[in-house]
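Observations on the model geometry
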Amino acid sequence: MHRRDFLQGIAATAAGLEILSRRVEASAQTSPPVARRHGGKATTVVSVEGYTLVTEFKAEANSWKVYEDLRTREGSLVFVSSSRDTRVLTKSAEASMMEGNPYLGLALKDIGLSSPDLLADRLLQDGDPDPEKVKSAAPPMASAEKNPRTWTTFVGTREAYDVTPVYRSGNTRTYHPIQYSPELHEALKKGQVYDGLVGGWMPAVRKVIPASDHAYWEVIVFGDVGANKNKYIVHTWHRTARIEDGKIAKVVYGHSYPAYPPEREDPQPEEFYRALLAFAEYWDEQLHDFAPASLPQSIWIDMSKHSFAKELMTRPGGVYPKYGAVDRDYAGSEYDGFQDIFTSAIYTNMEWGRLETARLFIDNYFEEYVDSRGMVDMRGPETAQFGMTLSLLARYFDYTQDSELMLKHRAKIEATAKLLGDMHDESLKLAQENPSYGLIRGWSESDSCLSENPSLYWQPYYANSAFAARGFKDIARAWMELAHINSAPGMGKVAQGWLKRSRTLQERTVESIEKDIQSHKTPPYIGLFPATTLTFRESLEKEKPSPQQWPHRPYAELLQADVLPPRLANQVIDCMRAYGATTLGVVANVWRFQEDGREILGFISYGYAQALLRLDRIEEFLLFLYSHRYHAHTRGSWTAGEVTGITGDSATYCVPAQQTIPLIVRWMLVLEDSDEDKLYLAKGVPREWIVSGEEIRIEHAPTRWGRVSFRLAAKPSAKSIVGQVELSGARAPKEVHFKLRLPLQNLLQTVTVNRQPATLGGIHKDTVIITTRNEKRFEVVGQLS
């Protein structure tokens, strides 16, 4: 199949599934109950009995009625049309203030001054961490913020070149609900604000501010998807309502600005709801190619989809890279070429099947931000990110077979590889007894170039060589396939050279680490680069400036490159946890010891999470997942911070941090082995989900063997667990490892694959090893004790 036909087919299938999953066809009358239809079959019933009719309006050929469930604070909005289509928009709200006492009984001073991650140690005492305990371990991000001018989230559209920030009270810079509802000011003084969204994952901001035991204010803000006249201005819709005892006591609607009668009047209710319906349809279309998935806790899928919505709003025109939004840090153009924006964006979009979007981003970046020498248009290139770029380009080709794009940018891709090769060649000119021999020297962190002496950070970080080895190996595989497809033997010859260099770099990296381990320490210490005598914490305290500044990045990148044997990779993780490189189980933003807390690194750190998963350290992986959700994002509005503390301070939004959750949720479900012909399914799923009776499912997830789908659910009445796997590529991986992480009190008595006895493997003997023999469909049945 031609590559464009392939992608169009994917998009059409995914779009159909998405639209069907959100369509609800009414019964013969527009009154309740209303049957939700999925694929033509009624699956659930949506009843509007007890709901309040809030308005009616016309849109195109249909008349619509809008109902709202005001009986509960999270009651849904339901749109019912005259043609029997129904649209349900759920509401959410999470406390954005601290509830209870933080720090799990530990003193903040002890947490800050400790090398070991005390909070993580406590949360991991009993196996899989408890999400509620993780949530209560520290105050919510921005909960201690007193400045009313600090924004906590934003709204926008894909087409716009800017966003509209939303503040704690629900204000924007052009519309203040308090002008219409002065009583809201008194409610806000109480300090209780619940943040959420309307539409599950959609970027419609919701604020709930309690007024009394039986009344609350609700503020809803979303971007006007129909206003594209001025690409730099995001128009907004607003609803401010006071709900008392299950009834709307007061409501005001707004659009972008205060009224200026008679030419600019406040909108009527039907205008607001017509716009909200258009907003929902618009955002569904933007994410039509998101791989369909469901989990016992839907919030993880919602957070993943919301990440893509935030990315599209952040990028001017939905394409041009931006590191952040609103403020110069990080919406300034000086950050646009930052390699982390590119690598995290294409990685995340590819993993969730958004291949056309990944194509747009690759094409844009290589056209406008990479020059003919492979150099990026950014102040401080990060050496390991060049290797990661090569690896991700190979992954894109694996997923799409898009020869056209690879050949279009062939010269720049090969120049990127040459850049790394030249740096490696320089290291080979050193004497072999030199600790830096054979290791690529260069900056690890972009900010290195801003220091008084940038050469201090021009070091042979292990991550530089590790990711170069990974990049060379992966891109070589893609180049050899391209050479075969396009009858281009020159590409094959280049690829052979890359493979040789990859082996040399990997061997030298492992050799140097083995030689340099400080085994006299407990646990053994592995440094960032060879010949270090001080740990990174000791260096930060004693050497000013320290050549080991920003140790979090090279550790995370070293692990993500996945070129170390498991024993060494485990030692790196143990080293990070013991010597101060994690906070709440997430990679820390490492600095000198501070009595007033420690920080979480919201971005970059996903490489550490992936390593935990690969090494079957699932409890730690889940702690990372939960901690990142609760402590690297604002609660409810899910705005991710680049670096977040554990004392409730605000953080600076950045897109790569926002994309961490979707990456690790995808890997939790579907993860490829980096080198072997193996595919891992359900590897990181929490134990309690497996026996919940709720379905765990993902459809059409891209892999290098083609699309894969699986579903898994327990049948408690039958004391069994059933999984289905479907592989749709031209070939299958040699092995599929389907993990069944049962609660410890449950044991697998028997397991079959397609009715034949199955082999169990893995560290905990909880993984069904499926030898595919190029078959494409498998049913896994386990009988439980």
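Everything that follows concerns the structure shown earlier in this document.
Since the model is a prediction, treat every value here as computed from it, not as a measurement. (Residues numbered from 1 in each chain as written. Predicted model: local features only at pLDDT ≥ 70, side-chain atom pairs only at ≥ 80, totals over all residues. Heavy atoms only, no water.)

Let's shift gears to the sheet that holds strand 14 (residues 236–244). Strand order across the open sheet formed by six strands is 8-11-12-13-14-15, with antiparallel pairing between neighbours. The two strands at the open ends of the sheet, each matched to only one other strand, are strand 8 (94–95) and strand 15 (247–255). As paired strands, strand 13 (residues 215–223) and strand 14 are joined by nine bridges and run antiparallel to one another. Within the sheet, the bridge partner assigned to G223 lies in strand 14 and is T236. (Pairing = 2+ DSSP bridges. Helix = DSSP H or I, 4+ residues; strand = E, 2+ residues; numbered from the N terminus.)

So, on to the pairing of strand 10 (residues 164–167). Side chains T164 and V166 of strand 10 all project onto a buried face; the interleaved residues P165 and Y167 project onto the opposite face, where all are buried too. Inspection of the sheet shows strand 9 (residues 151–155) paired to strand 10 by four bridges, in the antiparallel sense. Following the sheet pairing, F154 is matched in strand 10 by P165. (Buried < 20%, exposed > 50% of the residue type's maximum accessible area, 1.4 Å probe, protein only.)

Spatially, 16-23-24-25-31-27-28 is the arrangement adopted by the seven strands of the open sheet, whose pairing is antiparallel. Among the strands making up the open sheet, the edge pair consists of strand 16 (293–294) and strand 28 (756–757). Sheet topology note: the strand 27 (residues 748–753)/strand 28 ladder contains two bridges and is antiparallel. Bridged to V753 within strand 28 is Q756.

Now for the nonpolar core. Formed by 213 residues in total, the largest nonpolar core has its most connected members in F79, W283, W300, F710 and F738. When residues in this core are grouped by element, the largest group, 13 residues, is from helix 14 (residues 462–485). What W300 contacts, discounting residues up to four positions off in sequence, is L295, L625, Y626, R629, I661, V665 and W689. Core analysis: the next-biggest nonpolar cluster, separate from the first, contains 13 residues, V166, A187, L188 and A211 among them. (Core = buried A, V, L, I, M, F, W, Y, C linked by side-chain atoms within 4.5 Å. Contact = heavy atoms within 4.5 Å.)

Before going further, it helps to examine a nonpolar patch on the surface. Nonpolar side chains collect at one region of the surface, where Y161, Y232, I233 and Y320 lie side by side and expose about 370 Å² of accessible area between them. Mapped onto the fold, Y232 is located in the loop between strand 13 and strand 14. (Patch = residues over 30% accessible without salt bridge, like charges linked within 9 Å, V, L, I, M, F, W, Y side chains within 5 Å. Areas by Shrake-Rupley, 256 points an atom, 1.4 Å probe, with all protein chains shown as cover. Salt bridge = Lys/Arg side-chain N within 4 Å of Asp/Glu carboxyl O.)

Per the stated rule, a full pass over the model turns up 38 aromatic pairs. Ring geometry for W300 and Y626: centres 6.0 Å apart, planes at 35 degrees, overall tilted. Of this pair, W300 sits in helix 7 (residues 299–314) while Y626 sits in helix 20 (residues 618–631), placing them 326 residues apart in sequence. With a centroid separation of 5.7 Å and 50 degrees between ring planes, the pair formed by W479 and W498 is classed as tilted. You can see W479 sitting in helix 14 and its partner W498 sitting in helix 15 (residues 489–516), a full 19 residues away along the chain. In this structure, R73 packs its charged tip against the face of Y194, placed 4.3 Å from the ring centre. (Phe/Tyr/Trp six-rings, centres within 6.5 Å; stacked < 30°, edge-to-face > 60°. Lys NZ or Arg CZ within 6 Å of the ring centre and 35° of its normal.)

As a further point, take the side chain of D302. By the secondary structure assignment, D302 is in helix 7. Taking the relative accessible area as the measure of exposure, D302 reaches 17% and is therefore buried.

Attention shifts here to the environment of D69. Along the chain, D69 turns up in the loop between strand 5 (62–68) and strand 6 (77–81). Residue D69 is classed as buried on the basis of its relative accessible area, which comes to 10%. Taking the C-alpha atoms as reference points, D69 and E49, 20 residues apart in sequence, are found 9.0 Å from one another. Not counting residues up to four positions away in its chain, the partners in contact with D69 are Y51, G75 and S76. One polar contact links D69 to R71, side chain to side chain, over a distance of 2.8 Å. (Polar contact = N/O pair within 3.5 Å; in protein donor to acceptor, adjacent residues only side chain to side chain.)

Scanning all chains against the criterion turns up 60 salt bridges. Of the charged contacts, one joins D474 and R470 as a salt bridge, the two residues approaching to 3.2 Å between their closest N and O atoms. Of this pair, D474 and R470 are both found in helix 14, four residues apart, which corresponds to roughly one turn of the helix. By the burial criterion, D474 is buried, and R470 matches it. Taking the shortest distance from any N to any O, the salt bridge between D677 and R731 comes out at 3.7 Å. Taken together, the residues D677 in the loop between strand 21 (670–672) and strand 22 (678–681) and R731 in the loop between strand 25 (720–727) and strand 26 (735–739) connect sequence positions 54 residues apart. Taking relative accessible area as the criterion, D677 reaches 30% and is therefore assigned partly exposed.

As a further point, take the packing of helix 13 (residues 410–428) against helix 14. Here helix 13 crosses helix 14 at 145 degrees, and the two axes come no closer than 11 Å. Pair helix 13 / helix 14 crosses with left-handed handedness. Contact residues: helix 13 offers R410, I413, E414, A417, L420 and G421, while helix 14 offers A468, F472, I475 and W479. In terms of residue class, the contact of helix 13 with helix 14 is made up of seven nonpolar, one polar and two charged. (Axes fitted to C-alpha atoms, helices over the stretch in contact; angles between N-to-C directions. Left-handed = near helix turned anticlockwise from the far one by under 90°. Nonpolar A, V, L, I, M, F, W, Y, C, P; charged D, E, K, R; others polar.)

It is worth spelling out a negative patch on the surface at this point. Together, E595, D596, E599 and D649 line one region of the surface with negative charge. By the secondary structure assignment, D649 is in the loop between strand 20 (643–645) and helix 21 (655–658). (Lys, Arg positive; Asp, Glu negative; His and termini not counted. Charge placed at Lys NZ, Arg CZ, Asp CG, Glu CD.)

Here the focus is the environment of K310. Assignment of secondary structure puts K310 in helix 7. Through-space distance from the C-alpha of K310 to that of Y608 is 24 Å; in sequence the pair is 298 residues apart. For K310, the contacting residues outside a window of four places in its chain are T153, F154, S637, W638, T639, Y653 and Q658. Reaching out from K310, the side chain makes a polar contact with the side chain of T639 at a distance of 3.4 Å.

This part is about the side chain of D336. Mapped onto the elements, D336 comes out in the loop between helix 8 (328–331) and helix 9 (339–351). Polar side-chain contacts of D336 include one of 3.3 Å to the side chain of K322.

A turn of α-helix holds 3.6 residues, and therefore any two residues three or four places apart point the same way. Under the 1.5 Å per step criterion, the end-to-end length of helix 10 (residues 355–368) is 20 Å for 14 residues, consistent within 8% with the ideal 20 Å. Among the 14 residues in helix 10, 10 count as buried, and that is most of the element. Within the span of helix 10, buried status applies to L355, T357, A358, R359, F361, I362, D363, N364, Y365 and F366. (Expected span 1.5 Å × (residues − 1).)

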